[in-house]
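Read off the chains here:
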Amino acid sequence: MDTSNLIRPQVRGFEPYLPGRSIASVKRERNLSKIIKLASNENPLGPSPRALAAMARAGKKLFLYPDGPSTALRGAIARYTKVTPERVIIGAGSDELIELLGKTFLNPGDSIVVSNHAFIRYRMAADLMGAEVITVPMRCDTHDLTAMGKAIRDNTKLLFIANPNNPTGTHNPTSELAELLKQVKTANERRIIPVLVIVDEAYYEYAKAFSPDYPDTIVLQKEFVNLVTLRTFSKAHALAGLRVGYGIADPAVIAALDRVRPPFNVSAVAQAGAEASLQDTSRIKKAVSHAAKESKIVNAELERLGLKTLPSIGNFVLIDVSPRKGKDVFESLMSRGIIVRSMDEYGFPERIRVTYGLSAENRQFMRALKEILKP
Ligand code: PMP
């Protein structure tokens, strides 16, 4: 059978996402007994015990389909963010919501605006739908919001901002975001098809604590109806394996996304776990203070080694290992049982991205890195 004409042209040329290597696969491949994973910006302290208990309870009801619209979790998110439930959508990770934005709004001939080192899933959402990707170079290692605003064309529908960005960890403060939103609002008044500005706040809990000038996009939505906020339970909530994220936006945008959303996209266990995790605020505080403490220690050591890093308000750091190739350092670390991320697909061939792990893991990582970088 010749499938070449069967497959959509957009899918034929589609490059799948390369996730961080899993502990199990590296264990098998390298025949190592102990692996440290600092590759996917997970929170190593693990999920809230309250979430684990809620999930065990929900497990007993797994013969039933989940509540399709995740009503209880939506209500809890609405209370937490002080919005009405019709402004909330729940996804199987924020990743599903990024893809839903593409499926709902993009046709071939439309375009999105992203920066050149932005989280790659925005570009992929556009590629999948056959939409054009307008790429804007970063300025001072972060999104150049002025240039991104200017890059909007007549066919542009979505503008994506990861704040902070993965993999750079850098962010745009309230003043810059508000300026862009004003610029787009003025442009939208003259356009037939408005532009949505999507701010991906996957690292929200860390960012809010680490940066005094971090934007409050939920408040900004009152003034800017075209603003969409995305967040996740995968990072500070330590529930990456559960796959829950949420979006907050104008009810008309949410209603459109909801029509495309698969009917049972979030499992009953996931809904219960996320709802319980949201109540456990002390657990989030712990996650944030752990990352704050470890980042200080790791960053000071990196500086002593003379390695350049970018200022990150997430639970990870991008490290410049030049003149070495990031891929080589990644390989050498992996042979010592430490998984980090090389950054070729993000246009950083001489950098690695490392998540702050447990104290002992970070110490082991630093020891291994010193060994590898020894002249
Ligand atoms: N956005 C950003 C900026 C991310 O770093 C990630 C995870 N790597 C995601 C979205 C997707 O996270 P999830 O689907 O687990 O919510």
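Scroll up for the structure.
Quick summary incoming for the structure in this document. (Residues numbered from 1 in each chain as written. Predicted model: local features only at pLDDT ≥ 70, side-chain atom pairs only at ≥ 80, totals over all residues. Heavy atoms only, no water.)

Okay, the overall build of the protein next. Scanning the protein from terminus to terminus reveals 15 helices and 13 strands. For the protein, the spread of C-alpha atoms along the principal axes amounts to about 60 × 60 × 50 Å. Out of the 375 residues belonging to the protein, those deemed buried represent 55%. Here the protein has roughly 17,100 Å² of accessible surface; of this, 56% comes from carbon and sulfur atoms. Of the side chains in the protein, 52 bear a positive and 39 a negative charge, and the two mean positions are spaced by 6 Å. (Helix = DSSP H or I, 4+ residues; strand = E, 2+ residues; numbered from the N terminus. Buried < 20%, exposed > 50% of the residue type's maximum accessible area, 1.4 Å probe, protein only. Areas by Shrake-Rupley, 256 points an atom, 1.4 Å probe, with all protein chains shown as cover. Lys, Arg positive; Asp, Glu negative; His and termini not counted. Charge placed at Lys NZ, Arg CZ, Asp CG, Glu CD.)

Before going further, it helps to examine the packing of helix α2 (residues 23–30) against helix α14 (residues 326–335). Relative to each other, α2 and α14 sit at 75 degrees, their axes nearing to 11 Å. Considering the angle they form, α2 stands roughly perpendicular to α14. Residues V26, E29 and R30 of α2 touch α14, and the partners they reach there are E331, M334 and S335. Taken together, the residues of the contact of α2 with α14 sort by class into 2 nonpolar, 1 polar and 3 charged. (Axes fitted to C-alpha atoms, helices over the stretch in contact; angles between N-to-C directions. Parallel < 35°, antiparallel > 145°, perpendicular 65-115°, else oblique. Contact = heavy atoms within 4.5 Å. Nonpolar A, V, L, I, M, F, W, Y, C, P; charged D, E, K, R; others polar.)

Residues in close proximity to the ligand include G93, S94, D95, F119, N166, D200, A202, Y203, T232, S234, K235 and R243, which together make up its full environment. In the environment of the ligand, an oxygen atom lies 2.6 Å from a nitrogen or oxygen atom belonging to the side chain of S234. Expressed as a share of its isolated accessible area of 400 Å², the protein-covered part of the ligand is 92%. Tallied by class, the residues present in the shell around the ligand amount to 3 nonpolar, 5 polar and 4 charged. (Near = heavy atom within 4 Å. Polar contact = N/O pair within 3.5 Å; in protein donor to acceptor, adjacent residues only side chain to side chain.)

The strand order across the open sheet built from 4 strands is β9-β10-β13-β12, with neighbouring strands paired in antiparallel fashion. Each of the sheet's edge strands pairs with one partner strand only, and the pair in question is β9 (308–309) and β12 (341–343). Bridge count between β9 and strand β10 (residues 316–320): 2 bridges; the pairing is antiparallel. Residue pairing for β10: K308 is matched across the bridge by D320. Together, β12 and β13 (348–355) form the strand contacts of α14, whose direction differs from that of β13 by roughly 40 degrees. (Pairing = 2+ DSSP bridges.)

Looking at the element boundaries, K157 is found in strand β5 (residues 156–162). As for K157 and I112, which are separated by 45 residues in sequence, their C-alpha atoms are 6.0 Å apart. Setting aside residues up to four positions removed in sequence, K157 forms contacts with F105, L106, D110, S111, I193, P194, V195 and L196. A distance of 2.9 Å separates a polar atom in the side chain of K157 from a polar atom in the side chain of D110.

A full pass over the atoms with the stated rule returns 16 salt bridges. With its nearest N and O atoms 2.9 Å apart, the salt bridge here joins R231 to E201. Linking R231 in strand β7 (residues 227–232) with E201 in the loop between β6 (196–200) and α9 (204–210), this pair joins segments that are 30 residues apart in sequence. Owing to a relative accessible area of 1%, E201 belongs among the buried residues under this scheme. Through salt bridges that share partners, R21, E29, R30 and E331 make up one connected network. (Salt bridge = Lys/Arg side-chain N within 4 Å of Asp/Glu carboxyl O.)

A few words on the packing of helix α5 (residues 93–105) against helix α6 (residues 121–129). Packing of α5 against α6 brings their axes to within 9 Å, and their N-to-C directions diverge by 35 degrees. Judged by the sense of rotation from one axis to the other, the crossing of α5 with α6 is right-handed. On the side of α5, the interface is formed by D95, I98, E99, G102 and K103, while α6 contributes R121, Y122, A125, L128 and M129. A class-by-class count of the residues in the contact of α5 with α6 yields 5 nonpolar, 1 polar and 4 charged. (Left-handed = near helix turned anticlockwise from the far one by under 90°.)

Attention now moves to unusual backbone geometry. Residue P164 is reached from N163 by a cis peptide bond, and omega for that bond is 0 degrees. Inspection of the secondary structure puts P164 in the loop between β5 and α8 (174–190). Cis geometry is found at the peptide bond from N166 to P167, where omega equals 20 degrees. Residue placement: P167 occurs in the loop between β5 and α8. Positioned with a positive phi, N31 is a non-glycine residue whose angle comes to about 55 degrees.

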